[in-house]
Structure formats: structure tokens, C-alpha cells
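# Structure at a glance
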Amino acid sequence: MPTDPYAWIEQSLATIHRANWYRSPQTVEGRPGPVVRLDGRDLINFASNDYLGLAGDERLIQAAVNATQEFGTGSTGSRLLSGHRHPHRQLELAIAQLKQTEDALVFSSGYLANLGAVAALAGKRDLIVSDQYNHSSLKNGAILSGAAIVEYRHCDIEDLKTQLEKHRQHHRRCLILTDTVFSMDGDICQLPALLDLAEEFNCMLLVDEAHATGVFGATGAGCVEHFSCAGRELIQMGTLSKALGSLGGYIAGKASVIDFLRNRAPSWVYTTGLSPADTAAALAALSIVRVEPQRRAKLWQNVAYLKQLLRSSGIIPVSQESPILCLPVLDAGAAIAAAKQLKASGIFAAAVRPPTVPVSRIRITVMATHEPAHIQQLVEALSAINCSDINDLKRVK
Ligand SMILES: *Cc1c(COP(=O)(O)O)cnc(C)c1O
């Protein structure tokens, strides 16, 4: 008989190390921004989802401080019990206004918004059809729902149609799930075609706008606005933790959908309400998104400049549709080596490896607050990566 029921954990960790899949957090010092301090050195930050540079903005910080003074640090209970405060509702109305929906519901994180909404919207007799590259929170929400799950090939509308033709009729209700901007590839879904298929096969559609809110669309409402689909029937999810510089998540849609989720989404009913500080910071961010469209314009200028410099250096990202630009590398070891060499050249960028993604890559995210010199330094550093074990960086995927 084995004597230690926990021994497998160390063996499992050893396997993770051997595959170069081991991960651990790096400590960032000071406020977030285009330059951050790591291990006592200033690095240009291409590893953050703070697309508009709001997480270190004085106005968000003041809003959080003021809300903490007025309402305290914790919400003290679930929203239905004792944790519902005035700023929560103000934030929900501001989200609904941005998204042009009847209502919205704020969750304590984007992950919890997806878990709770998907689990509430589908059940055992239903079908969930999901893009193969969807975020972990959508995938786990689908599992939690107990519905039958079918994945379609990434962004492949033909395959989605084939799967619907094959499976839809055997289930009561159907929910299609997709990221609008894919977090680890940076490409975007074909929303109008997805909406057409949802209509044709009588399916609900939930889109995850985590990387699109504040970034895409004339007013920053996201890909739904970008594709002029705001009037069509769908459910939108997003996060307060990326371009909005705070923490939390939301679902926006018809009043009946939101009312239903308030009663049925387990990750909303049974968790503590978002803290007053996070709520107020997100509310301040939404008003900045509304009155400072030049931030979004600057972000897209920076993206265009980076794409131009990459092109002249012969470096071709997986996709060029969003501020997320990913450069495929040979394997996990090469990704680690590349990230290390970038760090030595003053650049902070993420080495993304399996099991997060099938193909290892360097993930670069652009911010509105990057200076042209930051972007030039990035491309110089990327061009210098040329040793034999990371020579794949310049190869097209
Ligand atoms: C980050 C992310 C989430 C989760 O949002 P959090 O607020 O960080 O929990 C959900 N979906 C996608 C696509 C994401 O990138």
C-alpha cells in the first residue's frame, strides 16, 4: 500500500517542470503603467491588459479611495443579503448605457460572470456549442451547466454550422459561446455570421467582450458595436479588469435575462458583492472611456505603428486585428528563452505555453500610454532574438 496520498502532487510538479510548462508569478513593483519595475529594473511593459492605461490613473485611484472612505473596504455579504450598495447599481446602469442594453449585472470577476451566466442559461437537456479557443471561464461554465458540449473549430463558421446541423435537433435549448477578441491569439470572431446562425438554429448567443470593451467600437462598447450589431439579440459578457483598469465582470442584455441571472447565477447569488473601491474605480473608468475617445485612438495608433515596424523587420504575428499581437515560437523552452532575452533587453512580455495554448508564443499587448520609443525598443529587441533555439520566432505560423 502506498503511504503518502499526496505524493502524486510532487511527481506532477516534476512533470510540469520537465515539459517547461512550470509557471510562477513575477512581482511587479509600483503602479501599473507602460514602464514597470521588476526585480529592481525598469522594463517596458507589453504584458498588461490595461489597454487604456487606466489602472494607474489618478482619477480611478481617487474614486476608489473616496468610495472606501464612504462605504468601507468590503461589501460584507452577497448582493442579495447585505452587500448591495448604491455604486453597484450606478455601475450597472453605466454599463447598460455603454452597451446599449436594457440592463446589466456586475459580478465579482469576469471569470465568475461567465461561470454563473453559462451555468444558469443552460442545463442537462441543452446543448452548448463553443469555439475551441474560448476562454477557460466559458469552458468551465459549460461544464458546470451540465449541458452537452460540442466544440467547433476556431472561428470556423462552416464547422459551427455543421455541428448545429448534426446536434441542435437533439436538444431542448442551445447556447453558442465565443470570445469576441481571442485572448491568446488576438483575432476576432465573425459576429454577424454567428448571429445569423444563432437565428437560423434558434440558439442563444453569449459573447465574451473581455478584450474588446473600451477598445473596439466608436464609443468603446466593444466588438458588438464594431460590427454594428447592438440592436440584435444576444448576451454580452465583459470584464472590468482589463481596459477599465479595475476588477470585476458583467453581463449586459435584456432586462429579463439580467433579472433571471440575479435569481439563478450561482456565482452572483452566493458570492460577496464587488468591493466599493473596485466598483467606484470601474465607474470612473467608464466615464473616462466616454469622454476621452482620444485614448482609444492613441491605442490604435500604437497598434498600427507596431504592426508597421514588425512588418519592416519581417516579424509576422499570428493575427493583426487587435492590440494583442502573438509571435509563435518553436516550443515551450524557446518561449521561456525568448521572454528571458526580451527581459534582458528591457522588455516585459509574456511567454504563453501549453496548456493555456496549443502552440507556445510570445504575447505582446499594446497600451494607449506607450510612447513611440517604447515600441521601437520592443521591435529592436525582437529582431535581436536570433539564436538557434529561438530561431522560429520569425516564421509564420
Ligand atoms: C480575462 C478574461 C476573462 C476573465 O476576466 P477576469 O475579470 O480577469 O476574471 C474572461 N474571458 C476572457 C476572454 C478573458 O480574457
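Structural notes, computed from the coordinates.

### Side note on the environment of Val-379
On the secondary structure map, Val-379 appears in helix H15 (residues 372-384). Leaving out residues up to four positions away in the same chain, Val-379 has contacts with Leu-306, Leu-309, Leu-310 and Ser-313.

### Here we look at the pairing of strand E2 (residues 35-38)
Alternating positions in E2 separate cleanly, Val-36 and Leu-38 being buried on one face and Val-35 and Arg-37 remaining unburied on the opposite face. Pairing of strand E1 (residues 28-29) with E2 involves 2 bridges; the strand directions are antiparallel. In the sheet register, Glu-29 faces E2, and the bridge partner there is Arg-37. Between the end of E1 and the start of E2, which pair antiparallel, lie 5 residues, with Gly-30 showing a positive phi angle near 75°.

### Remarks on unusual backbone geometry
For the bond running from Pro-354 to Pro-355, omega is 5°, close enough to zero to count as cis. Secondary-structure assignment places Pro-355 in the loop between strand E13 (350-352) and strand E14 (361-365). A positive phi is found at Asn-20, a non-glycine position, where the angle reads about 65°. You can see Asn-20 is positioned in the loop between helix H1 (7-18) and E1. Accessibility expressed as a relative area gives 35% for Asn-20, which makes it partly exposed. Backbone geometry at Cys-155 places phi at a positive 55°, although glycine is not the residue there. Within the element layout of this structure, Cys-155 appears in the loop between strand E6 (148-152) and helix H7 (157-167).

### Here's the deal with the pattern of salt bridges
All told, the structure shown has 20 salt bridges when counted by the stated rule. Taking the shortest distance from any N to any O, the salt bridge between Asp-103 and Arg-262 comes out at 3.6 Å. In this pair, Asp-103 is assigned in strand E4 (residues 103-107) and Arg-262 in helix H10 (residues 255-264), connecting sequence segments 159 residues apart. Using a relative accessible area of 6% as the deciding quantity, one classes Asp-103 as buried. Through salt bridges that share partners, Arg-79, Arg-89, Glu-92, Asp-103, Asp-259 and Arg-262 make up one connected network.

Conventions we followed
- Residues numbered from 1 in each chain as written.
- Predicted model: local features only at pLDDT ≥ 70, side-chain atom pairs only at ≥ 80, totals over all residues.
- Heavy atoms only, no water.
- Helix = DSSP H or I, 4+ residues; strand = E, 2+ residues; numbered from the N terminus.
- Contact = heavy atoms within 4.5 Å.
- Buried < 20%, exposed > 50% of the residue type's maximum accessible area, 1.4 Å probe, protein only.
- Pairing = 2+ DSSP bridges.
- Salt bridge = Lys/Arg side-chain N within 4 Å of Asp/Glu carboxyl O.

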